Amino acid sequence: MDLRLFKNIVILTGAGISAESGIRTFRDQDGLWEEHRIEDVATPEAFARDPKLVQRFYNLRRAQLKDPKIQPNPAHLALAELERLWEGDFLLVTQNVDNLHRRAGSSHLLHMHGRLDKVFCLHCDEHYEWNEDLAVDQSCEACGRKGGVRPDIVWFGEMPHHMEEIYAALDKADYFISIGTSGNVHPAAGFVRLAWKAKKIEINLKDTEISPSFDAHFVGPASTEVPRFIKELLE
């Protein structure tokens with residue numbers, strides 16, 4: 001393969017890559033997020049109705065990132081290495097809200113669903129990093145007002161982050177690689193069709209609803225399949 005023909009690469013990662021590091025996926029097969037109904041912890045209405053429950057839910061998720069057993073796995077590390085060696089444009093888009101890609105060394109990275117280690121203020125719209133528990137009456141570091149600081153997570157009914165930049169990258173992508181995604185969460189499920197001129201690769205534990213849209217499909221754990229694929233790509 002002549003890599004000179006493939007200068008621009010966009011990679012999408014989903015829950016499957018983080019699950020191999022020990023992070024439970026939010027949405028289980030029964031539709032619950034960590035034994036909570038989505039409507040109770042993952043909507044703006046839930047935060048307005050019961051901010052104490054919502055803050056406690058995300059405080060537990062945020063604390064999990066400090067567990068020494070939660071570490072970037074070989075797939076995270078391989079993607080960081082690919083970014084370092086790739087000569088063209090490189091963009092890593094993740095649906096995950098954890099910090100494992102950044103800890104692995106990825107920098108050209110967009111969190112389309114937000115980050116557990118960031119918050120923002122509903123009063124002044126200031127976004128900033130936050131690694132501790134968040135109280136219901138937390139004061140905003142920017143404006144000082146209380147009661148409006150919430151997790152910087154894209155909840156159901158809200159627009160994902162960085163969409164204009166993602167769409168622009170997909171439009172000019174020569175390579176689109178989807179890793180560990182369910183294929184049924186939009187708008188990410190539609191990225192493969194937006195990467196209209198790209199060679200499209202899917203790496204997953206099993207086929208998804210959108211697998212027929214890809215040129216190649218590799219089945220297996222991300223921690224083994226991603227390093228193997230990237231090694232072959234670079235060689």
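Everything numeric in this text was worked out from a predicted model, so none of it was measured. (Residues numbered from 1 in each chain as written. Predicted model: local features only at pLDDT ≥ 70, side-chain atom pairs only at ≥ 80, totals over all residues. Heavy atoms only, no water.)

**Student:** Requested: an account of the side chain of asparagine 96, with residues and values cited.
**Tutor:** Position of asparagine 96 among the secondary structure elements: in the loop between strand E4 (90-94) and helix H6 (100-104). Assessed through its relative accessible area of 7%, asparagine 96 is described here as buried. Within the structure, the side chain of asparagine 96 is placed 3.1 Å from the side chain of serine 18, a separation counted as a polar contact. Ignoring sequence-local partners within four residues, the contact set of asparagine 96 consists of Thr13, Gly14, Ala15, Ile17, Ser18, His111 and Gly114. (Helix = DSSP H or I, 4+ residues; strand = E, 2+ residues; numbered from the N terminus. Buried < 20%, exposed > 50% of the residue type's maximum accessible area, 1.4 Å probe, protein only. Polar contact = N/O pair within 3.5 Å; in protein donor to acceptor, adjacent residues only side chain to side chain. Contact = heavy atoms within 4.5 Å.)

**Student:** Please provide a residue-by-residue account of the pairing of strand E1 (residues 9-13), values included.
**Tutor:** Across the 5 residues that make up E1, a large majority, 5, are buried. Alternating positions in E1 separate into two faces, Ile9, Ile11 and Thr13 on one and Val10 and Leu12 on the other, with burial throughout. Here 5 bridges tie E1 to E4, and the two strands are oriented parallel to one another. Across the sheet, residue valine 10 finds its bridge partner in E4, namely leucine 91. As defined by bridge partners, E1 adjoins strand E9 (residues 175-179) across 5 bridges and the pair is classed as parallel. Each bridged residue has a counterpart across the sheet, and for threonine 13 the counterpart in E9 is isoleucine 179. (Pairing = 2+ DSSP bridges.)

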